[in-house]
Amino acid sequence: QVYAGLNMAVAGISWWTTDIGGFDRGNIYDADFRELLVRWFQWGAFLPIFRAHGTDCRREPWAFEDKNDMRFYNALVKVNHLRYTLLPYIYSAAANAYFEDGSIIRPLAFEYPEDEKVQDIKNQYMFGADMMVCPVTRPMYFDADGEIAKPDLNVSVYLPEGGWYSLSTGEYFEGGKYISVCAPLDEIPVFVKAGSIIPFASYKPYAQAEDDITLTVFPGKDGETALYEDSGDGYGYENGEYKLTKIIWHDSERRLEVSDGRTFDFKVI
C-alpha cells in the first residue's frame, strides 16, 4: 500500500489515505496484529489524511490500553501526538497542493531525479517539502507463530545527497548512502533535510488554527519555507482570506528572516 499511495500521488491525486489496520481484518487480542496496526498507524500519521477505519475490530488507541502490556497503546499515543504538533507543517503542505498543484506525498525519484539509487525505492517517500518517511513494513516483535525470540530492530534507509537529521533524535547524517536505523515499536524513521524550517504547534487533542507556532531549524545550508495560515474553518481562503508567510534561514549568519516581520519562537537543532 505504501507504493500504491505513491502511484496515486504520481497520478495527481494528493488526498490519498489508507484504512489503518485493513478494512475487514484483524484481532486486537493477537499480538502480531497489534504490532501491525501500530506500524500502520505510524505510517498513517505521515499521510495526507490520517484515518483508522474498518470493521471487525476496534482501532481506537484506547482499545489497545492493557495494564499488562502498554507498549502498543503508548506507541499509538506517541505518534498521534506527533501528528497534532505537525499540523502547521501539514496544513502548509496541503495549501501548496491546493494553490500550486503540489503533492503532499511523492516518490524520492520526484525529488532526486538524477540519483539512480532512488528509482526503485518503494518504501520511502517525501512528506511535504522537507521530510522523508521510511515506514516499517516487516514484523519485529511478533509473527503468526508468536513472539520473535531475537528481534531485529534495524531497518536500512537510503539518504539521498545532502545533510539529513533524524526527526526523533536530531542526529545528523551525511547523505548519498544507506544507513542502518534502529526502529523500536514506538519509532517510525523520519528524516528532515538540512536547511529545513519546520513549524510545530504545542500538542492539543483537536485540530484548530494555531497561534502558538514554534519554528525548528535544521541547519547545514540556507533554506526557506512558506507558512500557510487561515481561519481554520470555512471557505474564506477561496477569496484570498489567508496569510502566506515566507521564512528564510541564513545558515552562515545563523539568522531567521520572516517576510512580514513577525517574531516566532524558534530553536536550532
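Within every chain, residues take consecutive numbers counted from 1 along the sequence as written. This being a predicted model, a pLDDT of at least 70 is required before a residue's local features are given, and a value of 80 or more before pairs of side-chain atoms are given or counted; all residues contribute to the totals for chains, interfaces and linings. Think of the side-chain values as coming from all heavy atoms in the structure, minus any hydrogens and water.

J.: Report on the overall build of the chain, specifying residues and quantitative values.
T.: A tally of regular secondary structure across the chain gives five helices and 16 strands. Each radius of gyration reported is based on C-alpha atoms, and the globular scaling rule is 2.2 Å times the count of residues to the power 0.38. Computed over its C-alpha atoms, the radius of gyration of the chain comes to 19 Å, within 12% of the 18 Å expected for a compact globule of 269 residues. Principal axes of the C-alpha set define a box for the chain whose edges measure 60 × 45 × 35 Å. By the burial criterion, 49% of the 269 residues in the chain qualify as buried. Contacts: residue pairs with any heavy atoms within 4.5 Å of one another. Restricting the contact set of the chain to residue pairs at least 6 apart, pairs at least 24 apart contribute 63%. Here the chain has roughly 13,800 Å² of accessible surface; of this, 49% comes from carbon and sulfur atoms. Counted as positive: Lys and Arg. Counted as negative: Asp and Glu, with His and the chain ends omitted from the count. Charge coordinates come from a single atom per side chain, which is NZ of Lys, CZ of Arg, CG of Asp or CD of Glu. Mean positive and mean negative side-chain charge positions of the chain (25 and 42 charges, respectively) differ by 3 Å. Helix and strand definitions here come from DSSP, where helices need a minimum of 4 consecutive H or I residues and strands a minimum of 2 consecutive E residues; each element is numbered from the N-terminal end. Each residue gets one of three labels from its accessible area relative to the maximum for its type: buried under 20%, exposed over 50%, partly exposed in between, using a 1.4 Å probe on protein chains only. Here the accessible surface of atoms and residues is derived via Shrake-Rupley with a 1.4 Å probe, and residues count as covered only by protein chains that are part of the display.

J.: Which residues make up helix α4 (residues 87-100), and what values go with them?
T.: In this model α4 runs 19 Å from its N-terminal to its C-terminal C-alpha over 14 residues, within 8% of the 20 Å that 1.5 Å per residue would give. All buried positions along α4 are accounted for by Leu 87, Pro 88, Tyr 89, Ile 90, Ser 92, Ala 93, Ala 94, Ala 95 and Ala 97. Looking at the buried side of α4, the elements it contacts are α3 (71-85), β2 (125-127), β3 (131-133), β11 (196-200) and β13 (223-229). Of the residues trailing α4, Asp 101 is marked for its positive phi of about 60°. Helix span, expected: 1.5 Å multiplied by one less than the number of residues in the helix.

J.: Describe in detail the layout of surface pockets, supporting the description with residues and values.
T.: Only protein atoms enter the 1 Å grid used here, on which a cavity is any set of points holding a 1.4 Å probe that cannot leave and a pocket is any open set flanked by protein within 12 Å on both sides along at least five of seven lines; residues with an atom within 4 Å of a point are listed as lining. Grid points are joined across faces, edges and corners, and a volume is the space filled by probe spheres set on the points. In this structure, the largest pocket occupies an estimated 630 Å³ of space. In this structure, the largest pocket is lined by 25 residues; those nearest its centre are Tyr 91, Ala 94, Tyr 228, Asp 230 and Gly 232. Elements supplying a minimum of two residues to the lining of the largest pocket: α4 and β13. Ranked by the residues each element gives to the lining of the largest pocket, the list is headed by α4, at eight residues. Polar here means any residue outside two lists: the nonpolar Ala, Val, Leu, Ile, Met, Phe, Trp, Tyr, Cys and Pro, and the charged Asp, Glu, Lys and Arg; Gly therefore counts as polar. Residue classes in the lining of the largest pocket are distributed as 17 nonpolar, three polar and five charged. In this model, the second largest pocket occupies a volume close to 450 Å³. Considering the residues around the second largest pocket, the lining is formed by 21 residues, among which Ser 92, Ala 93, Asn 96, Ala 129 and Ala 226 are closest to the centre. Listed by contribution, the elements that provide at least two residues to the lining of the second largest pocket are α4 and β13. Top element by residues in the lining of the second largest pocket is α4. It accounts for seven residues. Residues of the lining of the second largest pocket, tallied by class, amount to eleven nonpolar, six polar and four charged.

J.: Explain the nonpolar core to me, and be specific about the residues and the numbers.
T.: Membership of the largest hydrophobic core comes to 66 residues, with the highest contact counts inside it found for Phe 46, Tyr 125, Phe 127, Met 131, Met 132, Val 157 and Phe 191. Setting aside anything within four residues of it in sequence, one finds Met 132 in contact with Leu 108, Gln 124, Tyr 125, Met 126, Val 157, Tyr 158, Leu 159, Pro 160, Trp 164, Pro 189, Val 190 and Phe 191. Note on terminology: a nonpolar core comprises buried Ala, Val, Leu, Ile, Met, Phe, Trp, Tyr and Cys residues joined through side-chain atoms within 4.5 Å. Counting residues in hydrophobic clusters, the runner-up holds ten residues, among them Leu 215, Val 217, Ile 247 and Leu 256.

J.: Give me the pairing of β11: which residues, what numbers.
T.: Within β11, five of the five residues are buried, which leaves the element mostly enclosed by the surrounding structure. Burial along β11 is two-sided: Ser 196, Ile 198 and Phe 200 and Ile 197 and Pro 199, pointing in opposite directions, are all buried. Here, any two strands with at least 2 DSSP bridges between them count as paired. Two elements, β11 and strand β12 (residues 214-218), share five bridges in a ladder whose sense is antiparallel. What sits directly across from Ile 197, in β12, is Val 217.

J.: Which residues make up the packing of aromatic side chains, and what values do they have?
T.: Side-chain rings of Phe, Tyr and Trp (the six-membered ring for Trp) are treated as a pair once their centres are within 6.5 Å; stacked means planes under 30 degrees apart, edge-to-face means over 60, and tilted covers the remaining angles. Scanning the entire structure with this criterion turns up 18 aromatic pairs. Judged by centre distance (6.0 Å) and plane angle (85°), the rings of Tyr 84 and Tyr 203 are edge-to-face. On the criterion of sequence distance, the pair formed by Tyr 84 in helix α3 and Tyr 203 in the loop between β11 and β12 is long-range, its members being 119 residues apart. Relative to Tyr 242, the ring of Phe 99 has its centre 4.8 Å away and its plane inclined at 40°; by these criteria the two rings are tilted. Here the residue Phe 99 occupies a position in helix α4, and Tyr 242 occupies one in the loop between β13 and β14 (243-250), the gap between them amounting to 143 residues. Owing to a relative accessible area of 31%, Phe 99 belongs among the partly exposed residues under this scheme. A relative accessible area of 35% places Tyr 242 in the partly exposed class. Three or more aromatic residues link up through ring pairs in this structure, and these residues are Tyr 91, Tyr 98, Phe 99, Tyr 228, Tyr 235, Tyr 237 and Tyr 242.

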